[in-house]
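Chain residues, written in single-letter form:
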Amino acid sequence: VKHIVLFKFKTDTPPAAAEDIKRKFIALKAGGKVPGILAISFGPTFKHDRSQGYTHALVVDLESKEALEGYAGHPEHVAIVTNDLKPIFEAPPCAMDYEYDL
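A few points on the structure. Numbering of residues starts from 1 in each chain and follows the order in which that chain's sequence is written. This being a predicted model, a pLDDT of at least 70 is required before a residue's local features are given, and a value of 80 or more before pairs of side-chain atoms are given or counted; all residues contribute to the totals for chains, interfaces and linings. With hydrogens and water set aside, each side-chain value is computed from the structure's full complement of heavy atoms.

Re the nonpolar core
Grouped together as the largest cluster of nonpolar side chains are 22 residues, with contacts concentrated most on F9, F25, L58 and Y71. Mapped onto this core, the elements with two or more residues apiece are β1 (2-9), α1 (15-30), β2 (37-44), β3 (56-62), α2 (65-73) and α3 (75-85). In terms of residue count, α1 provides more of this core than any other element does, four residues in total. Discounting chain neighbours no more than four positions away, the residues touching L58 are H3, I4, V5, F7, F25, I40, S41, F42 and Y71. Grouping buried Ala, Val, Leu, Ile, Met, Phe, Trp, Tyr and Cys residues that are joined through side-chain atoms within 4.5 Å yields what is termed a nonpolar core. Only protein chains enter the area calculation, which uses a 1.4 Å probe; residues under 20% of their type maximum are buried, those over 50% are exposed, and those in between are partly exposed. Labels follow the DSSP assignment, with helices taken as runs of H or I lasting at least four residues and strands as runs of E lasting at least two, numbered in each case from the N terminus. Between two residues, a contact is recorded if the distance between any of their heavy atoms is within 4.5 Å.

Dropping the structure here:
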């Protein structure tokens, strides 16, 4: 399962805030905190002319739909969304999930 989220951060969001969010997302896999994560990446766009105002993206590869559900409700993930992301949203994120063959 691929989980993709596009974010629109407020223009006054310091780069250090985005780096901290990236570190926290990477730790979900690296620390083995959330089962079922195969890969995770987070970063800013470098093509602003076609990003429709979205400034950052999160891409998570997970083992299954069940792993996605576990990830979504995991307390560490919920804490990142609640404490780090929501305060800097310019607009609601756009999320999409789909299954694919490796």
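Considerations on the environment of Y98
Looking at the element boundaries, Y98 is found in strand β4 (residues 89-98). Sequence separation between Y98 and V1 is 97 residues; the distance between their C-alpha atoms is 5.5 Å. Filtering out sequence-adjacent residues up to four positions away, Y98 remains in contact with V1, K2 and I4.

A short note on the packing of aromatic side chains
Think of it this way: a Phe, Tyr or Trp ring, Trp meaning its six-membered ring, pairs with another when their centres are within 6.5 Å, and the plane angle makes it stacked under 30 degrees, edge-to-face over 60, tilted otherwise. A complete count under the given rule lists six aromatic pairs for this structure. Consider the rings of F7 and F9, whose centres lie 5.8 Å apart with planes at 35 degrees: the pair is tilted. Its relative accessible area of 3% is what places F7 among the buried residues. Note on F9: relative accessible area 5%, which makes it buried. These aromatic residues form a ring-pair network of at least three members: F7, F9, F25, F42 and F89. Whether a charge lies above a ring is judged from NZ of Lys or CZ of Arg, which has to be within 6 Å of the ring centre and within 35 degrees of the ring normal. Sitting over the face of the ring of Y100, K2 holds its NZ or CZ atom 5.1 Å from the ring centroid.

Thoughts on the packing of α1 against α3
Packing of α1 against α3 brings their axes to within 10 Å, and their N-to-C directions diverge by 175 degrees. One way to sum up the angle between α1 and α3 is to call them roughly antiparallel. Contacts between α1 and α3 involve D20, I21, K24, F25 and L28 from the first element and E76, H77, I80, D84 and L85 from the second. Only Asp, Glu, Lys and Arg are considered charged, only Ala, Val, Leu, Ile, Met, Phe, Trp, Tyr, Cys and Pro nonpolar, and every remaining residue, Gly among them, polar. Class assignment of the residues belonging to the contact of α1 with α3 gives a composition of five nonpolar, one polar and four charged. Between the N-to-C directions of two axes lies an angle of 0 to 180 degrees, each axis being a line fitted to C-alpha atoms and, for a helix, fitted only over the stretch in contact. When describing relative orientation, an angle under 35 degrees is termed roughly parallel and one over 145 degrees roughly antiparallel, while 65 to 115 degrees is termed roughly perpendicular and anything else oblique.

Details of the pairing of β1
Pairing between two strands requires that DSSP report at least two bridges joining them. Where β1 meets β3, six bridges bridge the pair, whose relative direction is antiparallel. Bridge assignment links K2 to a residue of β3, and that residue is D61. Of the strand pairs in this sheet, β1 and β4 are connected by seven bridges, and their pairing is antiparallel. By the bridge assignment for β4, I4 is matched with M96.

Considering the packing of α2 against α3
Their axes nearest at 5 Å, the elements α2 and α3 cross at an angle of 55 degrees. The orientation of α2 with respect to α3, classified from their angle, is oblique. Contacts between α2 and α3 involve Y71, A72 and G73 from the first element and P75, H77 and V78 from the second. For the contact of α2 with α3, a count of residues per class yields four nonpolar, two polar and no charged.

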